[in-house]
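# Overview (structure and organization)
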Amino acid sequence: MEKTLVLVKPDAVERGLCGEILRRFERQGLRLAGLKLLHLTRKQAVEHYAEHRDRPFFPELLDHITSGPLVAAIITGKDAIARVRRLIGATAEAVPGTIRGDFATSVTANVVHGSDSPESAARELALFFPLETTLGAD
Ligand code: IDP
Ligand code: MG
């Protein structure tokens, strides 16, 4: 079993897509193991997206992810990290049938985040769910 971090980004929360997006994971047999709504500070956003610090789109990315409340979820299941990424779809030109392919309105407003590796999942889950991670909840 693996755990991964999913963020339903502010554009999707604003559009009322939380239920639809979480349903896409649940109907594939993935399970919710943690869930919260929060509005990220700029500092938290910088920490979450630290790997993109030097990219030209970084300021736009920070503006978007802090633009309103987001929903953070721990998603668990066999091969959860790769399965979540497949359901989310590609960063650019996601195909129809994927979450981004069906709902993204731009590369920035792309409705959802999923951790890209076991190392990212561990780092990101500790950031968004420190208590659950410390307690080893699974
Ligand atoms: P990912 O979310 O598919 O893992 P990353 O390359 O990690 O994609 O980029 C993080 C986020 O930064 C993307 O989800 C998207 O919101 C934004 N982003 C990535 N590339 C671009 C770009 O070329 N222009 C604008 N925003 C981008
Ligand atoms: Mg990424």
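The structure contained in this document is the topic of the report that follows. (Residues numbered from 1 in each chain as written. Chains lettered and ligands numbered in written order. Predicted model: local features only at pLDDT ≥ 70, side-chain atom pairs only at ≥ 80, totals over all residues. Heavy atoms only, no water.)

Turning our eyes to something else, we now look at the site of ligand 1. By nearness alone, every residue bordering ligand 1 is listed as Lys 9, Tyr 49, His 52, Phe 57, Leu 61, Arg 85, Thr 91, Arg 100, Val 107, Thr 108 and Asn 110. One of the side-chain N or O atoms of Lys 9 is found 3.0 Å from an oxygen atom in ligand 1. Take His 52: an N or O atom from its side chain is 2.8 Å from an oxygen atom of ligand 1. Protein contacts shield 79% of the accessible area of ligand 1, which totals 530 Å² for the unbound molecule. A per-class count over the shell around ligand 1 returns four nonpolar, four polar and three charged. (Near = heavy atom within 4 Å. Polar contact = N/O pair within 3.5 Å; in protein donor to acceptor, adjacent residues only side chain to side chain. Areas by Shrake-Rupley, 256 points an atom, 1.4 Å probe, with all protein chains shown as cover. Nonpolar A, V, L, I, M, F, W, Y, C, P; charged D, E, K, R; others polar.)

Looking at the secondary structure, you find Arg 100 in helix α6 (residues 99-103). Despite its burial, Arg 100 remains without a salt bridge, the nearest opposite charge being carried by Asp 11 at 8.6 Å. Of note is the side chain of Arg 100, whose polar atom sits 3.4 Å from the backbone oxygen of Asn 110. Leave out the neighbours within four places in its chain, and Arg 100 touches Lys 9, Ile 88, Gly 89, Ala 90, Thr 91, Ala 94, Asn 110, Val 111, Val 112 and His 113. (Helix = DSSP H or I, 4+ residues; strand = E, 2+ residues; numbered from the N terminus. Buried < 20%, exposed > 50% of the residue type's maximum accessible area, 1.4 Å probe, protein only. Lys, Arg positive; Asp, Glu negative; His and termini not counted. Salt bridge = Lys/Arg side-chain N within 4 Å of Asp/Glu carboxyl O. Contact = heavy atoms within 4.5 Å.)

Spatial relationships are all this shows, so hold off on functional conclusions.
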